[in-house]
Amino acid sequence: MNRNTIRALLADARYQVFDNVVFRILLVVAALIVALSFCVSFGQDQISIFFGTWTLDYSDFGGLVRSSSDPRGTSVQVVQKAIIELIAGTFGIMLCIAATAFFTPRLLEKGSADNIFSKPVGRFTLLLSRYFAGIFFVAVLSLLMVFGMQAGLSTMSDYNDWGFLWSAVTLVYTYAILQAFSVMVATISRNSVASILLTMMLFMFTGCTNSAWVGLEWARQSGMTDMIEEESAGQEEKASDDTSPAEAFDLMQSIVYVCRSVLPRTGDADMLARKLRRTIEGRPADVVIKEDDKPVFNLISGDTGLEFQGGGLAELDGAGLVWKFTNEGGGSIRVTREPRPTTTTSSGRERKLSARDLARQLREKVIAEHGQVALLLAPPDHRGRRTDWRIAGDSPLPLRSHLIITKGDYLFQVVSELPAGALAADRENLPDEGSVTVETRESEDGEEGETVEVETSSSVFDLDPVQDFLLGASFAVDPSLANADQWYESKFDWDAEWDFNAFVSIGTSLAFTLVMLAISFWRLRRMDF
């Protein structure tokens, strides 16, 4: 194949793309999205639309971003995820499938095929040229949109998220897999409608299969499948043609597992982008500490302003695990674990002290040392008590936050030293005891009621670095089992076991692509024009 032939094939691919009406429409849509990224500015306190014509405070979005120490970054990433994973990654891919499905059938039309195949170019070469023409179609749109959005956000919001650029690669990766299947269907059927319908069905089926497998595995890991086995235990004496729920469940698992093993894992594309993005951004690694293979402390960190000082179980049970704030104000967060203190009741019964009891003792100590009433708070999503107070004097880190969490036989403490203005409790006046309400909740062992003091206003946690830290922390529980998608993402990695390995996901998808192209070539060689 000489230079003129290559030039002709490239010209044909360029013609297939730029002469496509759908491509021009999608090009306008991508350009519009890029233009909007230059018209919206995400600041630290508010969002400005059309150069200040309208403004929105982050508090208007409820709990979506207000608990984050970086509301601008959180808001930008929410917008990026919505555009890439929903608009471009779902609807955009489907439109591209429909727009490029006729590339191969048009090549195989009677008359057109006679003229093309009479030239000194191999059939497989011509087939590949149409395959890569579709990839070029999507690559142009993806690169324009992703790089354009990055430029707009960097210019207007002063927010550089270089990991976002990987989104363009994963969009092309997903489409390349589907395009191989589309070419195979088109080669066999010579019908663009069949190619569109079957490729879209594959796209949806692979996503559903992956989600079903994740849900089934998560249910098995979290023990939910045990309930099905227990319910079916009494049905073993039924007729042999009756299938018990457990048998049906096992059959469904087997079918889903086979489908996931054979079909490409297009649903992993977004996961791969997030893994690559996390590596590029240089976020601190998650901290996972186990004892006897049981979770003790987990932190899924998303805050680039925190630097983990290292350590494991010995440090957790000793001086504590320490994170340092890398901003100008400085500060630190320390997490410790120790045996839960006990007390002897009047009846001689030994009772573990509750978080409220321990918080009351801490409060009395703070009052004795600093002569002021501390602010007692109930941290969301954690069963415990939090106490914030200010240290008088010239201390460079005058704020203290002390969180007490009780879990079984252990007491966890999160102690923070922060600069002035870091806590909502410091920005406002410390409220007195009258602002604290009293509620009665069931105790941890379920035997007796426990009276706890709960701060009624949730706004005290706005932009609170301690609360932001706690959003990713869990104590003595496996946080990944709370949600199937989070569980899968926590397992999915480059060095994970087979079912969760990123390289296996890429390898099986590429193998599927090669098989589809091989079938296309095999069929093309046997065509009689």
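A. Representation of the packing of aromatic side chains. Taken as a whole, this structure holds 16 aromatic pairs when the rule is applied. Relative to Phe-500, the ring of Trp-213 lies with its centre 5.5 Å away and its plane at 55°, an arrangement referred to as tilted. With Trp-213 in helix H8 (residues 192-221) and Phe-500 in the loop between helix H16 (484-491) and helix H17 (502-525), this pair connects stretches of sequence that are 287 residues apart. Overall, Phe-500 belongs to the buried group, its relative accessible area being 5%. Taking the centre distance of 5.4 Å and the plane angle of 50° together, the rings of Phe-297 and Phe-475 count as tilted. Placement of the pair is Phe-297 in strand S5 (residues 294-299) and Phe-475 in strand S17 (residues 473-475), with a sequence separation of 178 residues.

B. Molecular detail of the pattern of salt bridges. On inspection of all chains with the given rule, the structure shows six salt bridges. Notably, a salt bridge pairs Arg-337 with Asp-317, separated by 2.8 Å at the nearest N-O pair. With Arg-337 in strand S8 (residues 332-339) and Asp-317 in the loop between helix H12 (313-316) and strand S7 (321-325), this pair connects stretches of sequence that are 20 residues apart. In this structure, Arg-351 and Asp-357 form a salt bridge, with 3.3 Å as the shortest nitrogen-oxygen distance. Using a relative accessible area of 14% as the deciding quantity, one classes Asp-357 as buried.

C. Spatial organisation of the pairing of S5. Relative to S5, strand S4 (residues 287-291) is paired through five bridges, and the arrangement is antiparallel. Paired with Val-288 across the strands is Asn-298, a residue of S5. Two successive antiparallel strands, S4 and S5, enclose a turn made up of two residues, where Asp-292 displays a positive phi of approximately 55°. As paired strands, S5 and S17 are joined by three bridges and run antiparallel to one another. Within the sheet, the bridge partner assigned to Asn-298 lies in S17 and is Ser-474.

D. Inspection of the packing of helix H6 (residues 123-157) against helix H7 (residues 166-189) at higher detail. Following both chains from N to C, one finds H6 and H7 inclined at 155°, their axes separated by 9 Å at the closest point. When the axes of H6 and H7 are compared, the pair comes out roughly antiparallel. In this structure, H6 meets H7 at a crossing whose hand is right-handed. Residues Leu-127, Arg-130, Tyr-131, Gly-134, Ile-135, Val-138, Ala-139, Ser-142, Leu-143, Met-145 and Val-146 of H6 form the contact with H7, whose participating residues are Ser-167, Ala-168, Leu-171, Val-172, Tyr-175, Ala-176, Gln-179, Ala-180, Val-183 and Thr-187. Residue classes in the contact of H6 with H7 are distributed as 15 nonpolar, five polar and one charged.

E. Representation of unusual backbone geometry in the model. Located in the positive-phi region is Arg-190, a residue other than glycine, with phi close to 55°. Judged by its relative accessible area of 37%, Arg-190 is partly exposed.

F. Structural context of the side chain of Glu-217. Here Glu-217 shows up in helix H8. If near-sequence neighbours (up to four positions away) are discounted, Glu-217 is found in contact with Gln-253 and Trp-487.

Rules of the game
Residues numbered from 1 in each chain as written. Predicted model: local features only at pLDDT ≥ 70, side-chain atom pairs only at ≥ 80, totals over all residues. Heavy atoms only, no water. Phe/Tyr/Trp six-rings, centres within 6.5 Å; stacked < 30°, edge-to-face > 60°. Helix = DSSP H or I, 4+ residues; strand = E, 2+ residues; numbered from the N terminus. Buried < 20%, exposed > 50% of the residue type's maximum accessible area, 1.4 Å probe, protein only. Salt bridge = Lys/Arg side-chain N within 4 Å of Asp/Glu carboxyl O. Pairing = 2+ DSSP bridges. Axes fitted to C-alpha atoms, helices over the stretch in contact; angles between N-to-C directions. Parallel < 35°, antiparallel > 145°, perpendicular 65-115°, else oblique. Left-handed = near helix turned anticlockwise from the far one by under 90°. Contact = heavy atoms within 4.5 Å. Nonpolar A, V, L, I, M, F, W, Y, C, P; charged D, E, K, R; others polar.

Fair warning: the whole summary comes from geometry, so function is off the table for now.
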